[in-house]
Amino acid sequence: MVKLISIVNFVAAIIHLIFWGLVFVHFGPQLADGQLSSALATTFGIGVADIVWSVPLLLAGSLGLMAKKPFGWLCAQMANGLYFYSMTFILIRDSLTGDFKPGSYLFMPFTLFAFFAVWALWHRRQLFFQPSFPRP
């Protein structure tokens, strides 16, 4: 189960990099010209946050889970938590505007998987942490 979560999170990190790379290449000229709508500026903000926070946490979590390191468990839980936050924002935005973006569809399966992953990792936390006191 931990190996599956590690693989899915690694794939998610790669997809994030490819997706945001394509977005920045496609819309980069508008960014350079300073001709951004508020929606596009928000999209760039989400992209930067994903590159700065989500991708490193997904990668560190994936590698750390495979090595059964506590830091990997923590990073994976944090990355999964970021999915809850960002997809809530994105789905509310898209539902209020009636305009669902491709990224919403692309990342929704990872968000649904994140709910499972948080639960599964919590129930397997003993694989990553040793109690600091003896159990009776």
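All of these numbers come straight from a predicted model, not from anything done at the bench.

J.: What's the story with the overall build of the protein chain in this structure? I'm lost.
T.: Summing up its helical and strand segments, the protein chain has four helices and zero strands in all. Secondary structure elements of the protein chain occur, N-terminal to C-terminal, as α-α-α-α. With the principal axes as the frame, the protein chain shows a C-alpha extent of 65 × 25 × 25 Å. The contacts of the protein chain with a sequence gap of at least 6 include a subset with a gap of at least 24, amounting to 70%. For the protein chain, the computed accessible surface area is about 8,200 Å², with 74% contributed by carbon and sulfur atoms.

J.: How should unusual backbone geometry be read in this particular structure?
T.: Leaving glycine aside, a negative phi is the common case for residues, and trans is the common case for peptide bonds. Although it is not a glycine, Lys68 adopts a positive phi angle of roughly 55 degrees. Residue position: Lys68 is located in the loop between helix 2 (38–66) and helix 3 (70–97).

J.: Which parts of the structure should I look at to understand helix 2?
T.: An α-helical segment advances 3.6 residues per turn. Residues three or four places apart therefore align on the same side. Here helix 2 is 29 residues long and its end C-alpha atoms lie 40 Å apart, about the 42 Å a rise of 1.5 Å per residue gives. Maximal helix bending in helix 2 amounts to about 40 degrees, located at Asp50. Two residues or fewer past helix 2, Lys68 is found with a positive phi of approximately 55 degrees.

Parameters and conventions
- Residues numbered from 1 in each chain as written.
- Predicted model: local features only at pLDDT ≥ 70, side-chain atom pairs only at ≥ 80, totals over all residues.
- Heavy atoms only, no water.
- Helix = DSSP H or I, 4+ residues; strand = E, 2+ residues; numbered from the N terminus.
- Contact = heavy atoms within 4.5 Å.
- Areas by Shrake-Rupley, 256 points an atom, 1.4 Å probe, with all protein chains shown as cover.
- Expected span 1.5 Å × (residues − 1).
- Bend = angle between axes of the 7 residues up to and from the residue.

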